[in-house]
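Reading the structure
Now for the letters of each chain:
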Amino acid sequence: SSISSAGKKVCLNLPVVNEDELEEQFVRGHGPGGQATNKTSNCVVLKHVPSGIVVKCHQTRSVEVNRKRAREILQEKLDVFYRGADGEVLQQKKETERKKQEKRRKAKDTLEKKKQFKESL
């Protein structure tokens, strides 16, 4: 169970998804793709019965890949559902956002310093 944030795989201890709690369907996806989309049922719909969470995955043409990704997405959603703000998914997002803001602030400071330096010349 891992989330890929900006290419980095981060292993989290996400809730385990029991296969017997899932209802899985394969439906036709929608969106661009023409005949490839309209004739094949490679969109995966996963329902987690205890929580009622439904996940659709139609990212690739491969049913197998979509099934795998649907389960990963479901794990993340369950983490948020059961643990809320304490969940690892949200903690991870907060941390990423904090780092982004820090980067922005540093860039701004550097720009300001350059500006002052030019003015002093």
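Per an unreviewed UniProt entry, the protein goes by Mitochondrial translation release factor in rescue and derives from Lepisosteus oculatus. Checking UniProt for the protein, the heading Subcellular location (unreviewed entry) contains the comment "Mitochondrion".

Details of the sheet that holds strand β5 (residues 53-57)
Spatial ordering of the open sheet is given by β3-β4-β5, a layout of 3 strands whose pairing is antiparallel. In this open sheet, the two strands that pair with only one neighbour each are β3 (22-27) and β5. The mean inter-strand angle of the sheet, taken between neighbouring strand axes irrespective of direction, is 15°. Relative to β5, helix α2 (residues 63-83) is tilted by about 145°, and along the sheet it contacts β3, β4 (43-48) and β5.

What about the nonpolar core?
Counting 10 residues, the largest nonpolar core consists of Val17, Leu22, Val44, Leu46, Ile53, Val55, Cys57, Ala70, Leu74 and Leu78. Listed by contribution, the elements that provide at least two residues to this core are β4, β5 and α2.

Brief notes about the pairing of β5
Residues of β5 alternate between two faces, with Ile53, Val55 and Cys57 buried on one and Val54 and Lys56 left unburied on the opposite face. As paired strands, β4 and β5 are joined by 5 bridges and run antiparallel to one another. The residue bridging Leu46 from the neighbouring strand is Val55, located in β5. In textbook terms, the turn of a hairpin is the stretch between consecutive antiparallel strands, and for β4 and β5 this stretch comprises 4 residues, one of which, Gly52, has a positive phi near 80°.

Observations concerning the side chain of Thr37
With respect to the element layout, Thr37 can be found in helix α1 (residues 35-39). A distance of 3.2 Å separates a polar side-chain atom of Thr37 from the backbone oxygen of Pro32.

Comments concerning the packing of α2 against helix α3 (residues 88-120)
Between α2 and α3, the least distance of the axes is 7 Å, while the angle of their chain directions is 100°. Between α2 and α3, the angle falls in the class roughly perpendicular. Contact residues: α2 offers Glu76, Asp79, Val80 and Arg83, while α3 offers Glu88, Val89 and Leu90. Taken together, the residues that form the contact of α2 with α3 break down as 3 nonpolar, no polar and 4 charged.

Digging into the environment of Asn66
Within the secondary structure, Asn66 is located in helix α2. Sequence spacing of Asn66 and Gln116 is 50 residues, and the spatial spacing of their C-alpha atoms is 53 Å.

Here we look at the domain arrangement of the protein
Segmenting the protein into domains produces domain 1 (17-84) and domain 2 (87-120). The partner domain 2 presents 4 residues to the 5 residues of domain 1 that form the contact. Surface buried jointly by domain 1 and domain 2 totals about 400 Å² across both partners, of which 62% is contributed by carbon and sulfur atoms. Seen at the junction of domain 1 and domain 2, the total is 0 salt bridges. Counting across the interface, domain 1 meets domain 2 through 0 residue pairs in polar contact (both at pLDDT 80 or more). Looking at the side of domain 1 that touches domain 2 residue by residue, the classes come out as 1 nonpolar, 1 polar and 3 charged.

Thresholds applied
- Residues numbered from 1 in each chain as written.
- Predicted model: local features only at pLDDT ≥ 70, side-chain atom pairs only at ≥ 80, totals over all residues.
- Heavy atoms only, no water.
- UniProt positions renumbered as here; feature names shortened; annotations may be inferred.
- Pairing = 2+ DSSP bridges.
- Helix = DSSP H or I, 4+ residues; strand = E, 2+ residues; numbered from the N terminus.
- Axes fitted to C-alpha atoms, helices over the stretch in contact; angles between N-to-C directions.
- Contact = heavy atoms within 4.5 Å.
- Core = buried A, V, L, I, M, F, W, Y, C linked by side-chain atoms within 4.5 Å.
- Buried < 20%, exposed > 50% of the residue type's maximum accessible area, 1.4 Å probe, protein only.
- Polar contact = N/O pair within 3.5 Å; in protein donor to acceptor, adjacent residues only side chain to side chain.
- Parallel < 35°, antiparallel > 145°, perpendicular 65-115°, else oblique.
- Nonpolar A, V, L, I, M, F, W, Y, C, P; charged D, E, K, R; others polar.
- Domains from an automatic or database assignment.
- Buried area = accessible area lost by both parts, 1.4 Å probe.
- Salt bridge = Lys/Arg side-chain N within 4 Å of Asp/Glu carboxyl O.

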